[in-house]
Amino acid sequence: MTIYFENTARKPRDLPVTEAERVARLQLAACYRIFNHLGWVEMIFNHVTLRVPGPEKLFLINPFGLHYSEITASSLVLIDIEGNPVRESKWPVNKAGFVIHSAIHGSVGGAHCVMHTHTTTGMAVACLRDGLSPTNFYAAQLHGGVAYHDFEGISVEEGEKARLVASIGQKKAVILRNHGLLTWGPTLPEAFMMLWTLQRACDVQIASSSAGALNPIAGDVFAQTVRESGPGEKRTCDDVFAAMQRLVDAKDPSYRE
């Protein structure tokens, strides 16, 4: 199996860095450091991808080989929708990660940021037959909004793209069965808040289910909970991410390099 994406169909270009790309690089690099701070790290694996505003469909992805704690704005790799590096880069792109992300970026309208993790409790819920249980505060906020996609092995096959997109529909929270968690959004902060809520729902479910019988939530409460949820409010998403970025800035601002 090839985990490195090697595509020489297009030669790298001498493309100038726009202000929009510079801003996107800083935001995405901060996101990787936030993931590291939260412990959402699987050595050098998993990915967060972000579209750079502009006429072309160009995306930033982490260089395959760096730990999230090492990623900087300048080390992110700019690729096109086919996975070709737009500029010269000493780092390769992970093929499995690109297949999942490119499928969503290319086919789901408004999916400008895609996040994927292999956290322990996230994977644990993904391995449960019934998936996410609607029995805690965070899961209730996602009621009716979680998609599931069956495990098909390591995601390197082009044929899985259409099936993945069909499984997702327009749901921004996704549980990849037997695999992990995935979210997407029109902005990075919105995708992040969705992932944080999904992750917290998994954390609480695994903790509570090991302690005893779960107390059900009344069905008529879900609509109001979803309506007032954090992921449903863009201002809240922006404020949460800004607060986390200030935290990593105070801890280690080297991601800005």
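Further up the page is the structure itself.
Our subject in this report is the structure included herewith. Note that the coordinates shown come from a computational prediction; the quantities given were computed from them, not determined experimentally.

1. Notes on the state of the cysteines
Thought 1: This model, assessed by the stated rule, comprises zero disulfides.
Thought 2: In this model Cys31 remains outside any disulfide bridge; the closest cysteine sulfur is found in Cys113, 6.3 Å from its own.
Thought 3: Accessibility expressed as a relative area gives 0% for Cys113, which makes it buried.

2. A word on the environment of Glu160
Thought 1: By secondary structure assignment, the location of Glu160 is in helix H5 (residues 160-168).
Thought 2: Expressed as a C-alpha distance, the spacing of Glu160 and Leu142, which sit 18 residues apart in the sequence, is 25 Å.
Thought 3: Once residues within four sequence positions are removed from consideration, Glu160 is found in contact with His149, Asp150, Glu152 and Ser155.

3. Observations concerning empty space enclosed by the protein
Thought 1: For the structure on display, the rule yields three cavities of 30 Å³ or more.
Thought 2: Its boundaries defined by the atoms lining it, the largest cavity holds a volume of some 60 Å³.
Thought 3: Surrounding the largest cavity, Ile100, His149, Asp150, Phe151, Glu152, Gly153, Ser155, Glu160, Leu164, Leu176, Arg177 and His179 form its lining.
Thought 4: Considering only residue class, the lining of the largest cavity consists of four nonpolar, four polar and four charged.
Thought 5: In this model, the second largest cavity occupies a volume close to 40 Å³.
Thought 6: Along its surface, the second largest cavity is lined by Thr49, Phe59, Ile61, Ile79, Phe98, His101, Ser102 and His105.
Thought 7: Of all the elements in the fold, those that place two or more residues in the lining of the second largest cavity are strand S3 (58-61) and helix H2 (95-107).
Thought 8: Examining the composition of the lining of the second largest cavity, we find that four residues originate from one element, H2, more than from any other.
Thought 9: Of the residues that constitute the lining of the second largest cavity, the class distribution is four nonpolar, four polar and no charged.

4. A few points about the packing of helix H6 (residues 188-209) against helix H8 (residues 234-251)
Thought 1: Here H6 crosses H8 at 85 degrees, and the two axes come no closer than 8 Å. Comparing the axis directions of H6 and H8 gives the class roughly perpendicular. Here Leu188, Pro189, Glu190, Phe192 and Met193 of H6 come into contact with H8, specifically with Lys234, Thr236, Cys237, Asp238, Val240, Phe241 and Met244.
Thought 2: In the contact of H6 with H8, the residues fall into eight nonpolar, one polar and three charged.

5. With respect to the sheet that holds strand S6 (residues 113-117)
Thought 1: Read from one edge of the open sheet, seven strands run S4-S3-S2-S6-S9-S8-S7, paired in mixed fashion. The open sheet has two edge strands, strand S4 (77-80) and strand S7 (146-149), and neither has a second partner. Taken pair by pair, the neighbouring strands of this sheet meet at an average axis angle of 25 degrees, ignoring direction.
Thought 2: Summarising the sheet, S6 and strand S9 (residues 180-185) pair through five bridges and their orientation is antiparallel. Across the sheet, the residue bridging to Thr117 is Leu181, located in S9.
Thought 3: In this fold helix H1 (residues 19-38) packs onto strand S2 (47-52), S3, S4 and S6, with an angle of close to 165 degrees to the strand it touches most, S2.
Thought 4: Its contacts with the sheet put H6 on S2, S6, strand S8 (173-176) and S9, and the angle it makes with S9 is roughly 150 degrees.

6. Some details on the layout of surface pockets
One water molecule sets the probe size; rolling that probe over the atoms shows where empty space is left.
Thought 1: Size it by volume and the second largest pocket reaches roughly 230 Å³.
Thought 2: Lining the second largest pocket we find 14 residues, and of these Gln27, Leu50, Arg51, Pro53 and Pro186 sit closest to its centre.
Thought 3: For the lining of the second largest pocket, the secondary structure elements donating two or more residues are H1, S2 and H6.
Thought 4: The biggest single contributor to the lining of the second largest pocket is H1, with four residues.

7. What to know about unusual backbone geometry
Thought 1: Despite not being glycine, Asn46 has its phi angle at roughly 75 degrees, a positive value.
Thought 2: Structurally, Asn46 can be placed in the loop between H1 and S2.
Thought 3: With relative accessibility at 5%, the residue Asn46 sits in the buried group.

8. Here we look at the nonpolar core
As a rule of thumb, soluble globular proteins bury nonpolar side chains together.
Thought 1: Ranked by internal contacts, the top residues of the largest apolar core, which has 46 residues, are Leu28, Phe35, Met115 and Leu132.
Thought 2: Looking at which element gives the most residues to this core, the answer is H1, with nine residues.
Thought 3: The contact partners of Met115, leaving out residues within four places of it in the chain, are Cys31, Phe35, His47, Val48, His101, Leu181, Leu182, Thr183, Leu188, Ala191, Phe192 and Leu195.

Parameters and conventions
Residues numbered from 1 in each chain as written. Predicted model: local features only at pLDDT ≥ 70, side-chain atom pairs only at ≥ 80, totals over all residues. Heavy atoms only, no water. Disulfide = S-S within 2.5 Å. Buried < 20%, exposed > 50% of the residue type's maximum accessible area, 1.4 Å probe, protein only. Helix = DSSP H or I, 4+ residues; strand = E, 2+ residues; numbered from the N terminus. Contact = heavy atoms within 4.5 Å. 1 Å grid on protein atoms, 1.4 Å probe; cavity = no way out; pocket = protein on both sides within 12 Å on 5 of 7 lines; lining within 4 Å. Points joined across faces, edges and corners; volume = space filled by probe spheres on them. Nonpolar A, V, L, I, M, F, W, Y, C, P; charged D, E, K, R; others polar. Axes fitted to C-alpha atoms, helices over the stretch in contact; angles between N-to-C directions. Parallel < 35°, antiparallel > 145°, perpendicular 65-115°, else oblique. Pairing = 2+ DSSP bridges. Core = buried A, V, L, I, M, F, W, Y, C linked by side-chain atoms within 4.5 Å.

Worth remembering: the numbers are spatial, not functional.
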